[in-house]
Amino acid sequence: MLKVTDLSVRYGQKQVLDHLSFSVEEGQWLMVTGPNGAGKSTLINAVTRGVEYQGEIFLEGEDIRQKKPAELARCMAVLTQSHEIAYDFTVEEIVSLGRYAYSTGFLSRPGSQDQEAVREALALTGLYDQRNRSVLTLSGGELQRTFLAQVFAQNPKLLLLDEPTNHLDLIYQKQIFGLITDWLKKPGRAVISVIHDLSLAKAYGSLALLLHHGAAAAYGKTQDVLTPSYLNPVYGMDVARWMKEMLSQWEDKSV
């Protein structure tokens, strides 16, 4: 579905991404992880043509440079970790914005397909009964679900997630990742996530790309990439040991 070859990005004299190559097939969930400053968010920006890049990015065999913005928006959608809301929109109005890429003109009215896509997205994310509620009254988790519904309504083939649960409570993290897992079950879809939480990456990812200083330290099946031999040099610590120490805090020592 997505094939990236020799992807490089420079900001002035700084090499942010260095000749990355990877691919994502239908039904796969690629977890992009690594320390701060490794180039994870820049990778998402490059795939969405948000920054200048060298190399090649093909979506379903077509060079994304050749796609018009609206055409690209019908193929891929992005969910970020935070959103600025300054107006008193309803949940349904925010979700309906996901259909903008399908509009025929600035003043065009949504058609039956648009309305059905919005209804399905609201139902899938459990927001249908709250569709008339102001987004200014939502909690952080509810707001993130609203924007997840927006990208679901966009009906992309490739969903890109940039730290989508970074500021959310545990229950909302579970909800968001569960919803994305269900969305991915439909044919013709794939997901790429930028993520810091290695436990979530191992739990949900089918593939992993471990970045270090903009280069690929490892790429492949999640269970093959997120191992001590790759993680420890990148993070400069015994990652598995640290994770096990944290988990041990939950052991019932009274038994």
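Above this text sits the structure in question.
Residues numbered from 1 in each chain as written. Predicted model: local features only at pLDDT ≥ 70, side-chain atom pairs only at ≥ 80, totals over all residues. Heavy atoms only, no water.

(A) Up close: the layout of surface pockets. One number sums up the size of the second largest pocket: a volume of about 280 Å³. If you go around the second largest pocket, you meet 13 residues; those closest to its centre are Ala117, Glu120, Phe152, Asn155 and Arg189. Counting only elements with at least two residues in the lining of the second largest pocket, the list comes to α4 (112-124) and α5 (140-154). Here the lining of the second largest pocket takes five residues from α4, the largest share from any one element. Partitioned by chemical class, the residues of the lining of the second largest pocket number seven nonpolar, two polar and four charged. (1 Å grid on protein atoms, 1.4 Å probe; cavity = no way out; pocket = protein on both sides within 12 Å on 5 of 7 lines; lining within 4 Å. Points joined across faces, edges and corners; volume = space filled by probe spheres on them. Helix = DSSP H or I, 4+ residues; strand = E, 2+ residues; numbered from the N terminus. Nonpolar A, V, L, I, M, F, W, Y, C, P; charged D, E, K, R; others polar.)

(B) Region of the structure containing the environment of Val225. Locating Val225 in the fold gives a position in helix α8 (residues 222-225). Residue Val225 is classed as buried on the basis of its relative accessible area, which comes to 1%. On a C-alpha basis, the gap between Val225 and Leu207 in space is 8.2 Å, while along the polypeptide they are 18 residues apart. With residues near it in sequence (within four places) discarded, Val225 still touches Ala208, Leu210, Ala218, Tyr219, Gly220, Tyr230 and Leu231. (Buried < 20%, exposed > 50% of the residue type's maximum accessible area, 1.4 Å probe, protein only. Contact = heavy atoms within 4.5 Å.)

(C) Inspection of the nonpolar core at higher detail. Ranked by internal contacts, the top residues of the largest apolar core, which has 43 residues, are Trp29, Val95, Leu148, Leu159, Ile180 and Val191. Ignoring anything within four residues of it in the chain, the contact list for Val191 reads Val24, Gln28, Trp29, Leu30, Leu158, Leu159, Leu161, Ile180, Trp183 and Leu184. Of all hydrophobic cores here, the second largest spans 32 residues; its members include Leu2, Leu7, Val32 and Ala190. (Core = buried A, V, L, I, M, F, W, Y, C linked by side-chain atoms within 4.5 Å.)

(D) Up close: the pairing of strand β9 (residues 207-212). Of all six residues in β9, five are buried, a share of seventy percent or more. Pairing geometry for strand β3 (residues 29-33) and β9, over four bridges, is parallel. Residue pairing across strands places Met31 opposite Ala208, the latter belonging to β9. In terms of strand pairing, β9 meets strand β10 (residues 215-221) through six bridges, oriented antiparallel. Bridged to His212 within β10 is Ala215. Where β9 folds back on β10, the antiparallel hairpin that results is connected by two residues, among which His213 adopts a positive phi of roughly 55°. (Pairing = 2+ DSSP bridges.)

(E) Geometry of the sheet that holds strand β5 (residues 62-63). Spatially, the four strands line up as an open sheet ordered β2-β1-β4-β5, and their pairing is antiparallel. Two strands in the sheet have a free side with no partner beyond their single neighbour: β2 (14-24) and β5. In this structure, strand β1 (residues 2-11) lies alongside β2, joined through seven bridges in antiparallel fashion. Each bridged residue has a counterpart across the sheet, and for Tyr11 the counterpart in β2 is Lys14.

(F) Geometry of the sheet that holds strand β6 (residues 76-79). On the basis of which strands lie adjacent, the open sheet formed by six strands has the order β6-β7-β8-β3-β9-β10 and mixed pairing. Whereas interior strands pair on both sides, the edge strands pair on one side only; in this sheet they are β6 and β10. Each adjacent strand pair in this sheet contributes to an overall mean axis angle of 15°, direction not counted. Helix-sheet contacts for helix α9 (residues 228-235) involve β3, β9 and β10, and the interaxial angle to β9 is about 30°. (Axes fitted to C-alpha atoms, helices over the stretch in contact; angles between N-to-C directions.)

(G) The pattern of salt bridges, seen in detail. Counted according to the given criterion, the structure contains eight salt bridges. A salt bridge links Glu71 to Lys67; the shortest N-O distance between them is 3.4 Å. Exposure remark for Glu71: the relative accessible area of 28% places this residue in the partly exposed category. With a closest N to O distance of 2.8 Å, Asp114 and Arg99 form a salt bridge. Remark: Arg99 occurs in the loop between α3 (91-96) and α4 and Asp114 occurs in helix α4; sequence separation between them is 15 residues. Put simply, Glu62, Lys67 and Glu71 are held in one network by salt bridges that share partners. (Salt bridge = Lys/Arg side-chain N within 4 Å of Asp/Glu carboxyl O.)

Purely geometric numbers; function is a separate question.
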